[in-house]
Amino acid sequence: MPVIAVIGAQWGDEGKGKVVDLLTEKAEMVVRFSGGDNAGHTVINPWGKFALHLVPAGIFSPRAVCLIGNGVVINPGALIDEIELLNRSGVDTSRLFISDRANLIMPYHILFDGLEEKWRGGKAIGTTGKGIGPAFSDKAARLGIRTGDLLDKEALLERLHSILDYKNAILTKVYGVSPLSLDEVYHQYCQYGECLAPYIRETTGMLEEAVNRGELVLLEGAQGALLDPDFGTYPYTTSSSPLAGGGCLGAGIGPSRINAILGVFKAYCTRVGSGPMPTELDDETGHLIRERAQEYGATTGRPRRCGWFDAVAARFSARINGFTAAAITRLDILDTLPRLKLCVGYKLDGKTIDYFPSSVGALDRCQPIYEELPGWQVPTTHIRRYEQLPLQARQYIARLEEFIACPANLVCVGPEREQSILRKPLL
Ligand code: IMP
């Protein structure tokens, strides 16, 4: 059995949670490898409807071991709340383990996230406000505190003491806000440590053993390729790599051990937060897509910006991830539309281009060049076999496949587990 990375191919919210939940039936291990509780993976299954933020969507399987990898930044309070919520719903979390190398989100990270956004003014990123950027900045600056540090209270106090001195100086002298109390933060994090201690492990060995046993291992991506800090719409991005390559770093697995990379695309585009989105629809169709699909953030409740499928961005995403197959989700949302548009190029400063520019200035000036395709205008939510999809829907998918240069082996026609058309085996 292979190792499969499930990767968000657009700006996040593509339906990765549902895809992982589907694949989990056969998986022995599911690993989250990037982001933090900025992610909101919606899963609807016999236990109910859940918006998972940190716990891998594999938690609903009766046997899959779930790991939160070193590449995730963990808000311990949010994780404890999520574990308790799952337990109250009858979900067993005893197979959940957290890397001892994962960095923690500290109270000052959340404060700085808000303060920095305010400082950006009209150029605010529109972050989720969960402290993600400041936590990853501290990781790179070697000022992070990691889950493993929670297990040694004396060392934790020493490290927190010096870091908090520095953070408090910035809070008071730069931003003019009140400092945080060492005592309070320390005791709070000691409590978190006691709650989480049974879950904290060295996880790379567990992952290696599962791979060596030939088990099906899923690397569960968070966010999407176009939010990657290197390749996304920088600086309007997140702060860790949601790409397949990020899966290697954030889980602790070598690239040679990943067998398949499944790109998850919505049948249209959405984005939350600021930054360029060339195919955004600020009209009736955009509104219709948002309401029909209930495109509101699972983490922040913010309305998502909606637009046509951007095949230029999709091709770029496929290139930087190396997708071996794709899942197209939410096809049913397009059911009522008489005509569909697909962005196949951009007009930039009078010239036609077919690539995704690196600068947000250029992206902001890009006018989409659309190809029009006929809609199918019949419901698809009940369809379970690919051949039964209307011809126009199959033509639409075939055109997407040409751009992403890999087969769309899974097509989703609704949020429920069974509303899925498995065209070819994913494994
Ligand atoms: P941050 O990750 O909270 O710093 O937010 C940076 C940008 O990434 C903002 O535009 C967020 O809306 C976006 N973002 C972060 N996480 C997600 C997600 O899970 N889905 C969609 N957008 C996200």
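Residues numbered from 1 in each chain as written. Predicted model: local features only at pLDDT ≥ 70, side-chain atom pairs only at ≥ 80, totals over all residues. Heavy atoms only, no water.

**Student:** What is the right way to read the overall build of the protein from this model?
**Tutor:** Scanning the protein from N- to C-terminus turns up 12 helices and 18 strands. Rg of the C-alpha trace for the protein: 22 Å, near the compact-globule value of 22 Å for 427 residues, within the 12% margin. Principal-axis analysis of the C-alpha atoms gives the protein an extent of 65 × 50 × 40 Å. The buried share of the protein, taken over its 427 residues, is 56%. For the protein, the exposed area adds up to about 17,300 Å²; of that, 52% sits on carbon and sulfur atoms. (Helix = DSSP H or I, 4+ residues; strand = E, 2+ residues; numbered from the N terminus. Rg over C-alpha atoms; globule rule 2.2 N^0.38 Å. Buried < 20%, exposed > 50% of the residue type's maximum accessible area, 1.4 Å probe, protein only. Areas by Shrake-Rupley, 256 points an atom, 1.4 Å probe, with all protein chains shown as cover.)

**Student:** When you look at the domain arrangement of the protein in this model, what are you seeing that I'm missing?
**Tutor:** By a widely used convention, the size of an interface equals the accessible area lost when the partners come together. Each assigned domain of the protein is listed here: domain 1 (3-100 + 201-260), domain 2 (107-196) and domain 3 (265-422). In this structure, domain 2 and domain 3 have C-alpha centres spaced 37 Å apart. In this complex, domain 2 contributes 6 residues to the contact, which on the side of domain 3 involves 5 residues. When domain 2 packs against domain 3, the two sides together hide about 350 Å² of surface, and 47% of this comes from carbon and sulfur. Across the domain 2-domain 3 interface, the total number found is 3 residue pairs in polar contact (both at pLDDT 80 or more). Split into classes, the residues belonging to the side of domain 2 that touches domain 3 amount to 2 nonpolar, 3 polar and 1 charged. (Domains from an automatic or database assignment. Contact = heavy atoms within 4.5 Å. Buried area = accessible area lost by both parts, 1.4 Å probe. Polar contact = N/O pair within 3.5 Å; in protein donor to acceptor, adjacent residues only side chain to side chain. Nonpolar A, V, L, I, M, F, W, Y, C, P; charged D, E, K, R; others polar.)

**Student:** What exactly am I supposed to notice about the layout of surface pockets here?
**Tutor:** Any empty space left between the atoms is revealed when a probe the size of a water molecule rolls over them. The space that makes up the second largest pocket amounts to roughly 250 Å³. If you go around the second largest pocket, you meet 10 residues; those closest to its centre are L22, L23, K26, L422 and L426. Within the residue set of the lining of the second largest pocket, elements represented by two or more residues are helix 1 (16-23) and strand 18 (420-422). Of the residues contributing to the lining of the second largest pocket, the split by class is 7 nonpolar, 1 polar and 2 charged. When residues of the lining of the second largest pocket are assigned to domains, at least three map to each of domain 1 (3-100 + 201-260) and domain 3 (265-422). (1 Å grid on protein atoms, 1.4 Å probe; cavity = no way out; pocket = protein on both sides within 12 Å on 5 of 7 lines; lining within 4 Å. Points joined across faces, edges and corners; volume = space filled by probe spheres on them.)

**Student:** When you look at the packing of aromatic side chains in this model, what are you seeing that I'm missing?
**Tutor:** For any pair of aromatic rings, the description consists of the separation of the ring centres together with the inter-plane angle of the planes. Taken as a whole and assessed by the stated rule, the structure comprises 9 aromatic pairs. Here F231 and F316 contribute two aromatic rings whose centre-to-centre distance is 6.3 Å and whose plane-to-plane angle is 65°, an arrangement assigned as edge-to-face. Note that F231 is positioned in the loop between strand 8 (217-220) and helix 8 (244-251) and F316 in helix 10 (residues 311-321), a separation of 85 residues in sequence. Residue classification places F316 among the buried positions, given a relative accessible area of 13%. Note on F265 and F323: the rings are 5.7 Å apart at their centroids and 80° apart in plane angle, and the pair reads as edge-to-face. One end of the pair, F265, is in strand 9 (residues 260-266); the other, F323, is in the loop between helix 10 and strand 13 (325-329), and 58 residues separate them in sequence. Through a chain of ring-to-ring contacts, three or more aromatic side chains come together here, namely W47, F50 and F60. (Phe/Tyr/Trp six-rings, centres within 6.5 Å; stacked < 30°, edge-to-face > 60°.)

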